Each structure stands twice: as C-alpha cells, then as structure tokens.
Amino acid sequence: QQQVKQSPQSLIVQKGGISIINCAYENTAFDYFPWYQQFPGKGPALLIAIRPDVSEKKEGRFTISFNKSAKQFSLHIMDSQPGDSATYFCAAISLDYQLIWGAGTKLIIKP
Amino acid sequence: DTEVTQTPKHLVMGMTNKKSLKCEQHMGHRAMYWYKQKAKKPPELMFVYSYEKLSINESVPSRFSPECPNSSLLNLHLHALQPEDSALYLCASSQGARGGTEAFFGQGTRLTVV
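Let us look at the structure shown here. (Residues numbered from 1 in each chain as written. Chains lettered and ligands numbered in written order. Predicted model: local features only at pLDDT ≥ 70, side-chain atom pairs only at ≥ 80, totals over all residues. Heavy atoms only, no water.)

### A closer look at the overall build of chain A
In terms of helices and strands, chain A carries zero helices and eleven strands. Beginning at the N terminus, the succession of helices and strands in chain A can be written as β-β-β-β-β-β-β-β-β-β-β. Radius of gyration (C-alpha) of chain A: 13 Å, near the 13 Å computed for a compact globule of 111 residues. By principal-axis analysis of the C-alpha atoms, chain A measures approximately 40 × 30 × 20 Å. Evaluated residue by residue, chain A yields a buried proportion of 49% over its 111 residues. When contacts within chain A are restricted to residue pairs at least 6 apart in sequence, long-range pairs at least 24 apart make up 54% of them. When the accessible area of chain A is evaluated, it comes to approximately 5300 Å², of which 50% is carbon and sulfur surface. (Helix = DSSP H or I, 4+ residues; strand = E, 2+ residues; numbered from the N terminus. Rg over C-alpha atoms; globule rule 2.2 N^0.38 Å. Buried < 20%, exposed > 50% of the residue type's maximum accessible area, 1.4 Å probe, protein only. Contact = heavy atoms within 4.5 Å. Areas by Shrake-Rupley, 256 points an atom, 1.4 Å probe, with all protein chains shown as cover.)

Now the structure itself:
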C-alpha cells in the first residue's frame, strides 16, 4: 500500500515543550524516510531523514525515532520555539523514487 | 550551493494566457521535478525528469507542458489554464531518480488563474 499516515493534523505546544508528530506506513519497500518543514508561502525544506536500519537520528533539537517492526516513525522537537511553527510533512521514498507524503501537521508553538 | 531557484515568485494569468515557470539548480542533480501544492495539502507530483528525459508524467492535463533544456534547468509552460489550477507550483531536484535520495525544493511560484 502506497500510503503514509500522519498524525495529528494540528498540534499546539507551549514554548520549551516537546512536539511529537507520528507517521505510519504499510509498504516495506520504502527505504528512506525524510521529514520536511514548510513555512507559509514557501517550499518544503528537508529537515532530517532516516533509513530503516537506524532506530534513531538526532540533529540539534530534532530527533527521528524509527520502529521498523511496527512500521512507525516519529519526529520529536525538543525545547520547541515559536520559530518552529510551521507545517511538517513526513514522507517515504520507495526504491523507484516515489515520494509518498503524509497529510501534514500544522504545528503552533505558543510563546 | 543547495539551492533550487524558481521564477517568478508570483504569477497572475488569465485563462487565455501563455506563461512559463522557470527552475534552476546548480547542485549537479540529475533528477528534477514539478509539484503542485494546494492549501493545507502535501505536494502532488506532476512530472519527473531523469537525466533530462521525462520519466514520469502523473496524468497531468496537456495545458501543462514541461521542458528540460539542460541538466540545470526545468521549465513548465502553461496555456489555457483553469481557475482550479491556481496553486503553489514547486520545483525540486535530487541526486538521482532512484530511492534513497532527498529532494530539495525551490520556494515555489504562487500561481493565480483569473
């Protein structure tokens, strides 16, 4: 199944808190999982990505956790800041480069 | 340089107009893409060029016509568009068109069809 399910649709977090966005997939042929951050009126920007043979990847305040057996992966934003307010998309890339997108999560960080 | 440059940033066109969107990258990427994005939705793939050849056309109406003059440039020619074609048009590039390579996106062209 060529689908990536993303939740929640929207998320409000207090400044300094942890933002968590979850994604799940069905197709085991996916071999790369990027996360994109998009600000209004701008193109998506690659934030962080992970391969399924790695359980966790951290870049600054952003961490991807990957559970291959459960076919789930999540983005954690530590010490969330107002500047992190954006729409976040998880995605999966298949071997023939089909970039399958999640529906997106609108994140609002309250000061 | 990890930049994909799109021009123009904004475009308003009538339904009888002909216009073109332009995209440029200098990262040596061999795959380039056009996406269409509606508000509050993820990008939808329109076209993929791999090594300057059209490899994927996702059943896009013929009023959208892509062109890849060379490995750094990608155009999208627009003709006789409909108001429902109003959207953010995104260009992207990646190292290759096979799995496991990230796509880098441009800032997009906000297209309004009147």
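### Points about the nonpolar core
Residues and elements named next belong to chain A. One finds Val 4, Phe 33, Trp 35, Phe 73, Leu 75 and Tyr 88 to be the most contacted residues of the largest nonpolar core, which totals 25 residues. When residues of this core are traced back to their parent elements, those giving at least two are β2 (10-14), β3 (19-25), β4 (30-38), β5 (45-50), β7 (62-67), β8 (72-77), β9 (86-94) and β11 (105-110). No other element matches the four residues that β9 contributes to this core. Leave out the neighbours within four places in its chain, and Val 4 touches Cys 23, Ala 24, Tyr 25, Phe 30, Phe 73, Cys 90, Ala 92, Ile 100, Trp 101 and Gly 102. (Core = buried A, V, L, I, M, F, W, Y, C linked by side-chain atoms within 4.5 Å.)

### So, a nonpolar patch on the surface
Residues and elements named next belong to chain A. A cluster of nonpolar side chains, contributed by Ile 18, Ile 20 and Met 78, occupies part of the molecular surface with about 240 Å² of accessible area. As for its position among the elements, Met 78 is in the loop between β8 and β9. According to the relative accessible area criterion, Met 78 is partly exposed, its value standing at 34%. (Patch = residues over 30% accessible without salt bridge, like charges linked within 9 Å, V, L, I, M, F, W, Y side chains within 5 Å. Salt bridge = Lys/Arg side-chain N within 4 Å of Asp/Glu carboxyl O.)

### Remarks on the state of the cysteines
All names here are of chain A. Tallied over the entire structure, the rule returns two disulfides over all chains. Disulfide pairing places Cys 23 opposite Cys 90 at an S-S distance of 1.9 Å. Between Cys 23 and Cys 90 the sulfur-sulfur dihedral comes to about -100°; the bridge is accordingly left-handed. Separated by 67 residues along the polypeptide, Cys 23 in strand β3 and Cys 90 in strand β9 bring together distant segments of the chain. The class for Cys 90 is buried, based on a relative accessible area of 0%. (Disulfide = S-S within 2.5 Å.)

### Description of the pairing of β7 of chain A
Residue and element names in this part refer to chain A. With four bridges joining them, strand β6 (residues 56-59) and β7 adopt antiparallel strand pairing. The residue bridging Glu 56 from the neighbouring strand is Ser 65, located in β7. In the sheet, β7 pairs with β8 via six bridges, with the strands oriented antiparallel. Note on β8: the bridge partner recorded for Ile 64 is Leu 75. (Pairing = 2+ DSSP bridges.)

### Let's talk about the sheet that holds strand β3 (residues 18-25) of chain B
Residue and element names in this part refer to chain B. Taken in spatial order, the four strands line up as β1-β3-β8-β7 in an open sheet, and their pairing is antiparallel. Sheet topology places β1 (4-7) and β7 (64-70) at the edges, where each strand pairs with a single neighbour. Within the sheet, the average angular offset between the axes of one strand and its neighbour, ignoring direction, is 20°. For β3 and strand β8 (residues 73-79), the ladder comprises seven bridges, and the chain directions are antiparallel. The partner of Ser 20 across the bridge, within β8, is His 77. (Axes fitted to C-alpha atoms, helices over the stretch in contact; angles between N-to-C directions.)

### A few points about the packing of aromatic side chains
Scanning all chains against the criterion turns up 17 aromatic pairs over all chains. Judged by centre distance (5.5 Å) and plane angle (85°), the rings of Tyr 36 of chain A and Phe 105 of chain B are edge-to-face. Highlighted residues: Tyr 36 of chain A in strand β4 and Phe 105 of chain B in strand β10 (residues 103-105), drawn from two different chains. Note on Phe 105 of chain B: relative accessible area 11%, which makes it buried. Among the aromatic residues, those joined into a ring-pair cluster are Tyr 25, Phe 30, Phe 33, Trp 35, Phe 66 and Phe 73 of chain A. (Phe/Tyr/Trp six-rings, centres within 6.5 Å; stacked < 30°, edge-to-face > 60°.)

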